[in-house]
Every structure is written in C-alpha cells, then in structure tokens.
Amino acid sequence: MRILLVEDDALLGDALQAGLKQAGHAVDWTRDGVSAETALATEEYAAVVLDLGLPRKDGLDVLRNLRARKRALPVLILTARDTVEDRIRGLDAGADDYLVKPFDLGELNARLRALLRRAGGRPAPVLAASGITLDPASRIVEYRGKPVELSSKEYALLQALMQQPGRALSRAQLEQHLYAWGDEIGSNTVEVYIHHLRRKLDAEAIRTLRGIGYVIARDSVT
Ligand code: CA
C-alpha cells in the first residue's frame, strides 16, 4: 500500500518510514503541512499517517481541508498532544484513529492494517482468489494451502491484485502500489515481479490482458 507520512521530526520520521517500509508499504514522507496538501492533491494514497504539530500548516488544518473535500482516505493521527480535548478535536476533525507519542511501531502497523481493512469494507482480513490466500495481518501467503515465500515488492503487487480480484490493474497502477517518491523504477520491473509471482504460485495465477494490465481471477461462487 502507498502511505503518506507527514512528520517534521527527522529522527522519528526516519524510523517511521523504515518501519512502514518493512511492513511492505511504499512510503512518501513530507515534513510540513503545505507539502502534505500538495502530495494529497497529486498522488493516490491508501492511508495517511499525520503528525499534528507541523511547520507551515497545522496537521489539524490539513485534516479539515482534506475532509472538506469529502475525501474518505483513512487518516491516523500521531501526536504528542495527549489531552482528552486534543483527542476529541482530532477525531472531530475527521481522523480515523489516534496514537499518542511515544508509541510502539508494532501498534502503529496493526492500527494501520485495521484502518485499511475497514476502508476496504472487508470484515474478513484474509484475501482469497484463484487458490491463493493472503493474510495482511501475518503477511502469510499460501497457494493451494502451501505457504509461499515472497519478497516485499512481490507481496505488495500480489496484495494490490488480490484486493480487486477480477479487475485488471495497469502497469502504472501497480507501480503506484510499489514505489514511493525517489524510488528508482526500472522500465520492466512490474513484469519482472509478475514473472516471479507466476513462478512461485502458478503460471495461470495472474493473467495478462494485453494492452490493459494484469488480473487475478475472482473465485467463482458455487
Ligand atoms: Ca511535530
């Protein structure tokens, strides 16, 4: 998933970016409120991790502006402001969840998973299609009941396809899930990861729709 991280503290931002990447996300990191708004206006994100005390524009104002445009994007607030009034203000401004600093990285990732799950409207967290199951909580992928080892990029790509089984995703859409700003994107990397996935799963698991993109077949309902 592609996540926007907004945090002005260099050390904390660095740790957060590393932790989120390790959890398999592509992370864009902005360090002030104005850059965050620019990023939100121009890029597609699955969720935002937002600090409140930010230079140039307060996190609460960023959140209010986002919600004023009726964006249903999941937002998790991270802040040192820990009074009850602050929490109420944050939630009223449209935050979906709230973590007070200092916090545990494992808890942040778990809460983010919960937000992404709710945003996807899925009561069951495990994705299943075409004989493949993918559990976002444990990151365990199985094909026909057997565990499959995937790299983090292969996992991210498979997850993107499995979230919308039966729907073709173009190479550009898949790259959005795989890469953050500044990441080097090779000209045929999506093809390479698809090739790896087919080798590890099954040659038929992911279909190529020529000129359109890639698709995982929806399980037929019996
Ligand atoms: Ca701050």
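Preceding block: the structure.
Residues numbered from 1 in each chain as written. Predicted model: local features only at pLDDT ≥ 70, side-chain atom pairs only at ≥ 80, totals over all residues. Heavy atoms only, no water.

## Observations regarding the overall build of the protein chain
For step 1, the next point in the chain: When helices and strands are tallied, the protein chain shows eight helices and 11 strands.
For step 2, the next point in the chain: Relative to the globule expectation of 17 Å for 222 residues, the C-alpha radius of gyration of the protein chain, 18 Å, shows essentially globular dimensions.
For step 3, the next point in the chain: Expressed along its principal axes, the backbone C-alpha trace of the protein chain runs to roughly 55 × 35 × 30 Å.
For step 4, the next point in the chain: Across the 222 residues in the protein chain, those meeting the buried criterion constitute 45%.
For step 5, the next point in the chain: Intrachain contacts of the protein chain at a sequence separation of at least 6 include 58% that bridge at least 24 residues.
For step 6, the next point in the chain: For the protein chain, the accessible surface area stands at approximately 11,200 Å², while carbon and sulfur atoms represent 51% of it.
For step 7, the next point in the chain: Here the protein chain holds 31 positive side-chain charges and 31 negative ones, and the gap between their average locations is 6 Å. (Helix = DSSP H or I, 4+ residues; strand = E, 2+ residues; numbered from the N terminus. Rg over C-alpha atoms; globule rule 2.2 N^0.38 Å. Buried < 20%, exposed > 50% of the residue type's maximum accessible area, 1.4 Å probe, protein only. Contact = heavy atoms within 4.5 Å. Areas by Shrake-Rupley, 256 points an atom, 1.4 Å probe, with all protein chains shown as cover. Lys, Arg positive; Asp, Glu negative; His and termini not counted. Charge placed at Lys NZ, Arg CZ, Asp CG, Glu CD.)

## Quick look at the environment of T42
For step 1, the next point in the chain: Here T42 shows up in helix α2 (residues 33-42).
For step 2, the next point in the chain: Overall, the relative accessible area of 56% leaves T42 in the exposed class.
For step 3, the next point in the chain: Within the local environment of T42, its side chain forms a polar contact with the backbone oxygen of T38, the two atoms lying 2.8 Å apart. (Polar contact = N/O pair within 3.5 Å; in protein donor to acceptor, adjacent residues only side chain to side chain.)

## A short note on the packing of α2 against helix α3 (residues 59-68)
For step 1, the next point in the chain: Contact pair α2 / α3: the axes reach a minimum separation of 9 Å and the direction vectors enclose 25 degrees. By the angle between their axes, α2 is roughly parallel relative to α3. Our pair here, α2 against α3, has a crossing hand that is right-handed. Counted together, G33, A36, E37 and L40 of α2 and D61, V62, N65 and L66 of α3 form the full contact between these two elements. (Axes fitted to C-alpha atoms, helices over the stretch in contact; angles between N-to-C directions. Parallel < 35°, antiparallel > 145°, perpendicular 65-115°, else oblique. Left-handed = near helix turned anticlockwise from the far one by under 90°.)

## As for the coordination of the calcium ion
For step 1, the next point in the chain: All of the protein donors around the calcium ion are D8 (OD), D51 (OD) and G53 (O); their distances to the metal are 2.2 to 2.3 Å.
For step 2, the next point in the chain: Donor residues for the calcium ion sit on one chain with the sequence pattern D-x42-D-x1-G. With D8 in the loop between β1 (2-6) and α1 (10-22) and D51 in strand β3 (residues 47-51), this pair connects stretches of sequence that are 43 residues apart.
For step 3, the next point in the chain: When its relative accessible area of 35% is taken as the criterion, D8 is described as partly exposed. (Donors = N, O, S within 2.8 Å, 3.2 Å for Na, K, Ca; no water.)

## Comments concerning the environment of G33
For step 1, the next point in the chain: Turning to its location among the elements, G33 is positioned in helix α2.
For step 2, the next point in the chain: For the pair formed by G33 and D8, sequence separation is 25 residues and the distance between their alpha carbons is 9.1 Å.
For step 3, the next point in the chain: Leave out the neighbours within four places in its chain, and G33 touches L54, P55, K57 and V62.

## Focus on the pairing of β1
For step 1, the next point in the chain: Counting buried residues in β1 gives five out of five residues, a clear majority hidden from the surface.
For step 2, the next point in the chain: Neither face of β1 is exposed, since R2, L4 and V6 on one face and I3 and L5 on the opposite face are all buried.
For step 3, the next point in the chain: Pairing geometry for β1 and strand β2 (residues 26-30), over five bridges, is parallel. Bridge assignment links L4 to a residue of β2, and that residue is D28.
For step 4, the next point in the chain: A crossover links β1 with its parallel partner β2, the connecting element being α1, and its sense is right-handed.
For step 5, the next point in the chain: In the sheet, β1 pairs with β3 via four bridges, with the strands oriented parallel. The partner of L4 across the bridge, within β3, is V48. (Pairing = 2+ DSSP bridges. Right-handed = clockwise from strand over helix to strand, strands pointing away.)

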